[in-house]
Amino acid sequence: RGSTGIIGSNKWDADETVLSVFEDVEQGRLAVSESRSGRRGLQQLLESRKVPYINMKQWEKIDHKELEDGSKCGMIRRKITSIDEMLQVAGV
């Protein structure tokens, strides 16, 4: 869902995410390997599961749009909270 609210609520989300990853490993839904395939391995995994992701250049497009939209309404940034909108802005 992305960051929202204050540090406390985001920390809770991070804790929940870590517990979910541990559970996936324990249940065999996420394979653990000693090899370190890094970024390319992660990209291959996401692509094999048809999970959309963005690279740094695409993230910069989202960042630029948020800053631009914020300046139009007197704010530093207007966060994009819709994943569909983020992917559209990123060009995914």
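For the structure itself, consult the block above.
Residues numbered from 1 in each chain as written. Predicted model: local features only at pLDDT ≥ 70, side-chain atom pairs only at ≥ 80, totals over all residues. Heavy atoms only, no water.

Attention shifts here to the pattern of salt bridges. Tallied over the full model, the rule gives nine salt bridges. Glu-47 is the salt-bridge partner of Arg-40, the closest N and O atoms lying 3.9 Å from each other. According to the relative accessible area criterion, Arg-40 is partly exposed, its value standing at 43%. Close ionic contact of Arg-77 with Glu-66 constitutes a salt bridge, the shortest N to O distance being 2.6 Å. One end of the pair, Arg-77, is in the loop between α3 (56-72) and α4 (83-90); the other, Glu-66, is in helix α3, with 11 residues separating them in the sequence. (Salt bridge = Lys/Arg side-chain N within 4 Å of Asp/Glu carboxyl O. Buried < 20%, exposed > 50% of the residue type's maximum accessible area, 1.4 Å probe, protein only. Helix = DSSP H or I, 4+ residues; strand = E, 2+ residues; numbered from the N terminus.)

Between a side-chain oxygen at the N-terminus of α4 and the backbone nitrogen of Asp-84 the separation is 3.3 Å; the capping residue is Ser-82. Gly-91 sits one or two residues past α4 and shows a positive phi near 85°. (Polar contact = N/O pair within 3.5 Å; in protein donor to acceptor, adjacent residues only side chain to side chain.)

Here we take up the packing of α3 against α4. Between α3 and α4, the least distance of the axes is 8 Å, while the angle of their chain directions is 110°. What the angle tells us is that α3 and α4 run roughly perpendicular. Note on packing geometry: the crossing formed by α3 with α4 is right-handed. Taking contact as the criterion, the partners of Gln-58, Lys-61, Ile-62 and Lys-65 in α3 are, on α4, Met-86, Val-89 and Ala-90. (Axes fitted to C-alpha atoms, helices over the stretch in contact; angles between N-to-C directions. Parallel < 35°, antiparallel > 145°, perpendicular 65-115°, else oblique. Left-handed = near helix turned anticlockwise from the far one by under 90°. Contact = heavy atoms within 4.5 Å.)

Moving on, we get to the side chain of Glu-66. Glu-66 sits in the buried class, given a relative accessible area of 2%. Here the side chain of Glu-66 touches Lys-79 through a polar contact of 3.4 Å, side chain to side chain. Dropping the residues within four chain positions of it, Glu-66 is found in contact with Ile-76, Arg-77, Arg-78, Lys-79 and Ile-80.

Honestly, it's all geometry; don't read function into it.
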